[in-house]
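# Chain and residue survey
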Amino acid sequence: MALPLSFEFFPPKTPEGAEKLRAVRQQLYVQKPEFCSVTYGAGGSTQQGTFDTVGEILAEGVSAASHFSCIGATKASVREQLATLKAMGVKRLVALRGDLPSGYGIGGEFHHASDLVAFIREETGRDFHIEVAAYPEIHPQAKSPEADLRAYASKVKAGADSAITQYFYNSDAYFRFVDDAHQLGAAVPVVPGIMPIGSSTQLMRFSDACGAEIPRWIRLRLQGYGDDIASIKAFGLDVVTDLCDQLRSAGVPALHFYTMNQSAATLEIVKRLQLG
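Summarised in this report is the structure supplied together with it. Source: prediction; values computed, not measured.

Cut-offs used in this document
Counting of residues starts from 1 at the beginning of each chain's written sequence and follows it residue by residue. It should be noted that, the model being predicted, local features are given only for residues of pLDDT at least 70 and side-chain atom pairs only at 80 or more, the latter also being counted only at that level, while totals for whole chains, interfaces and linings use all residues. Computation of side-chain values covers all heavy atoms of the structure but excludes hydrogens and water. Helix and strand definitions here come from DSSP, where helices need a minimum of 4 consecutive H or I residues and strands a minimum of 2 consecutive E residues; each element is numbered from the N-terminal end. Computation of the radius of gyration draws on C-alpha atoms, with the globule rule given as 2.2 Å multiplied by the number of residues to the power 0.38. For this analysis, residues touch if any pair of their heavy atoms sits within 4.5 Å. Each accessible area value is a Shrake-Rupley result obtained with a 1.4 Å probe; residue values ignore everything except the protein chains displayed when judging cover. Counting rule for charge: Lys and Arg are taken as positive, Asp and Glu as negative, and neither His nor the chain ends is counted. By convention, the point assigned to a charge is CZ for Arg, NZ for Lys, CD for Glu and CG for Asp. Each nonpolar core is a collection of buried residues, namely Ala, Val, Leu, Ile, Met, Phe, Trp, Tyr and Cys, held together in the definition by side-chain atoms within 4.5 Å. A 1.4 Å probe rolled over the protein chains alone gives each residue an accessible area, and that area as a share of the maximum for its type sets the label: buried under 20%, exposed over 50%, partly exposed in between. Strand pairing follows a simple DSSP-based rule, namely that at least 2 bridges must link the two strands. Convention adopted: a line fitted to C-alpha atoms gives each axis, helices being fitted over their contacting stretch, and angles between N-to-C directions are expressed from 0 to 180 degrees. These descriptions rest on fixed angle ranges, namely under 35 degrees for roughly parallel, over 145 for roughly antiparallel, 65 to 115 for roughly perpendicular, and the rest for oblique. Rotating anticlockwise by less than a right angle from the far helix to the near helix defines a left-handed crossing, while the corresponding clockwise rotation defines a right-handed one. Each residue receives one of three labels: charged for Asp, Glu, Lys and Arg, nonpolar for Ala, Val, Leu, Ile, Met, Phe, Trp, Tyr, Cys and Pro, and polar for the others, Gly being one of them. Cysteine sulfur atoms are paired as a disulfide whenever they fall within 2.5 Å. To estimate how far a helix should reach, multiply one less than its number of residues by 1.5 Å. It is the directions from the helix axis to the C-beta atoms whose arc is reported.

## Digging into the overall build of the protein
Of regular secondary structure, the protein possesses 10 helices and nine strands. Computed over the C-alpha atoms, the radius of gyration of the protein is 18 Å, within 12% of the 19 Å expected from 2.2 N^0.38 for a compact globule of 276 residues. Each of the three principal axes of the protein carries a C-alpha extent, and together these read 50 × 45 × 45 Å. Pairs at least 24 residues apart make up 79% of the contacts formed inside the protein by residues separated by at least 6 positions. Summed over all atoms, the accessible surface of the protein reaches about 13100 Å², with 52% contributed by carbon and sulfur. A distance of 1 Å separates the average location of the 26 positive side-chain charges in the protein from that of its 30 negative side-chain charges.

This is the structure in C-alpha cells:
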C-alpha cells in the first residue's frame, strides 16, 4: 500500500508566479497526491488568491483543500465563504484560527479554531473533511504544553476529521504528541507536515516565527556550509529523507509536504523513499 501524499502551496502574488506554480503543480501531480492545499494570508488577506488557486487545482482534476481562518470573521462571512467553496466543489478544509494582521486586536465572532470547526460542522454537516493544525513542538503562543494539547483535543472534539502538523525535524516530538493526544481522547489521524530544506536563512526565519525547533546539530551543520547552496541542499535532502523514512517505518497515515511553490526537493525526497 503506497503512503498517501499531499502538497501545500501558497497563492502567488504575480501573473509570473501563477504561471510558475502551474508548472510546479503539473510536476507534482505525477505523484498522484490525495489532495493539494492552499494557504490563507493573515486575516484572510489572500482569500481571493486562495480561492482562485483552489479553483485551478480542481479544474486540473485534483482534490483541493482550502485553508480557512476565522480571525476577524463573522458567522455571516464564514457562512458565505463556505457556500462559495461548496459551490466550487471543495470537499476538504484546513480550519485554522489564523494569524492576526499586524496592529489588530482579536475581533470577530470566533476566538479559537475549535469554534470554527464546531460552526462548520453545525452549518454543513459532513459536507467537508475538516483538517486542523497540530503542533508537536507546542504552539508558540501556548500558555503551556498541557494547554496546547487541550486546545488540540478541543478541535478534534468539535468535529475535526484529521490533523496536519507544523513541520519538525525530531520524530520523537511527533510520536510523543500523537501518544499524548490519544490519551486525551483525540484519536484522529495526525499527518506529519514535512518541510524540505533548501535555504538555511529562510528555514531559520520561518522556524523562529512559527516555533518549529531546528535541532542544534542541524543548525550548526547548516551554519557551517555558509553560502554553499549545493551542500545545504544535499544535506537537507539527506536529513528530510531520513526523517520521512523514520515516520513511514512507524506507520504514519500520510505525508504532507510544504512545497514553498517548488517541486525539485519534494520530488527528490519522494523518489528516494521510492514512493513515486
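Let us keep going from here.
## Structural notes on the nonpolar core
Core analysis: the largest hydrophobic core is formed by 85 residues, its most contacted members being Tyr-152, Tyr-169, Leu-255 and Phe-257. For this core, the element with the most residues is helix H9 (residues 229-249), which contributes eight residues. Once residues within four sequence positions are removed from consideration, Tyr-169 is found in contact with Met-195, Ile-197, Leu-203, Glu-213, Pro-215, Ile-218, Val-239, Val-240 and Leu-243.

## As for the pairing of strand S9 (residues 255-258)
Every second residue of S9 is oriented toward a common face, with Leu-255 and Phe-257 on one face and His-256 and Tyr-258 on the other, all of them buried. Judged from the four bridges that link them, strand S1 (residues 5-9) and S9 form a sheet pairing that is parallel. Note on S9: the bridge partner recorded for Phe-7 is Phe-257.

## A few points about the sheet that holds strand S4 (residues 92-96)
In any sheet, the strands associate via hydrogen bonds between backbone groups, in a parallel or an antiparallel arrangement. Within the open sheet, the nine strands sit side by side as S7-S6-S5-S4-S3-S2-S1-S9-S8. Their pairing is parallel. What marks the edges here is a single partner per strand, and that holds for strand S7 (190-191) and strand S8 (193-194). The strands touched by helix H5 (residues 145-157) within the sheet are strand S5 (129-134), strand S6 (162-165) and S7, with S5 carrying the most contacts at an inclination of about 180°.

## Some remarks on the packing of helix H1 (residues 15-29) against helix H2 (residues 47-59)
It is the contact of H1 with H2, at a shortest axis distance of 12 Å, that shows an interaxial angle of 40°. Comparing their axes, H2 and H1 come out oblique. As for how H1 packs across H2, the hand of that crossing is right-handed. For the pair formed by H1 and H2, the contact residues are Leu-21, Arg-22, Arg-25 and Tyr-29 on the first element and Thr-53, Glu-56 and Ile-57 on the second. Its residues assigned to classes, the contact of H1 with H2 shows three nonpolar, one polar and three charged.

## Things to note about the state of the cysteines
If you walk through the whole model with that rule in mind, you get zero disulfides. Of all cysteine sulfurs, the one in Cys-244 lies closest to Cys-36, which takes part in no disulfide; the gap is 16 Å. Lacking any disulfide linkage, Cys-210 is separated from the closest cysteine sulfur, that of Cys-244, by 17 Å. The buried category is assigned to Cys-210, whose relative accessible area is 16%.

## Quick look at the pairing of strand S2 (residues 35-38)
Along S2, one buried face is formed by Phe-35 and Ser-37 and the opposite face, lined by Cys-36 and Val-38, is buried too. In the sheet, S2 pairs with strand S3 (residues 64-69) via three bridges, with the strands oriented parallel. Paired with Val-38 across the two strands is Ser-66, which belongs to S3.

## A few points about the environment of Pro-33
Residue position: Pro-33 is located in the loop between H1 and S2. C-alpha of Pro-33 to C-alpha of Leu-255: the two residues are 222 residues apart in sequence and 9.9 Å apart in space. Leaving out residues up to four positions away in the same chain, Pro-33 has contacts with Leu-5, Ser-6, Phe-7, Leu-28 and Val-62.

## Focus: the environment of Ala-134
Within the secondary structure, Ala-134 sits in strand S5. Separated by 30 residues in sequence, Ala-134 and Ile-164 place their C-alpha atoms 5.9 Å apart. Residues within four places of Ala-134 in sequence aside, it is in contact with Tyr-152, Ala-163, Ile-164, Thr-165, Gln-166, Phe-177 and Val-190.

## Some points on H5
With 13 residues, H5 should reach 18 Å at 1.5 Å per residue; the first-to-last C-alpha distance of 18 Å fits that figure. Within H5, the full set of buried residues consists of Asp-148, Leu-149, Tyr-152, Ala-153, Lys-155 and Val-156. Relative to the axis of H5, the buried residues are bounded by an arc of 155° and lie together on one face. Facing away from the buried surface of H5 by more than 90 degrees, the exposed residues are Arg-150 and Lys-157. The inward-facing, buried residues of H5 abut helix H4 (113-124), S5, S6, helix H6 (171-183) and S7. Of the residues one or two after H5, Gly-159 is the one with positive phi, at around 130°.

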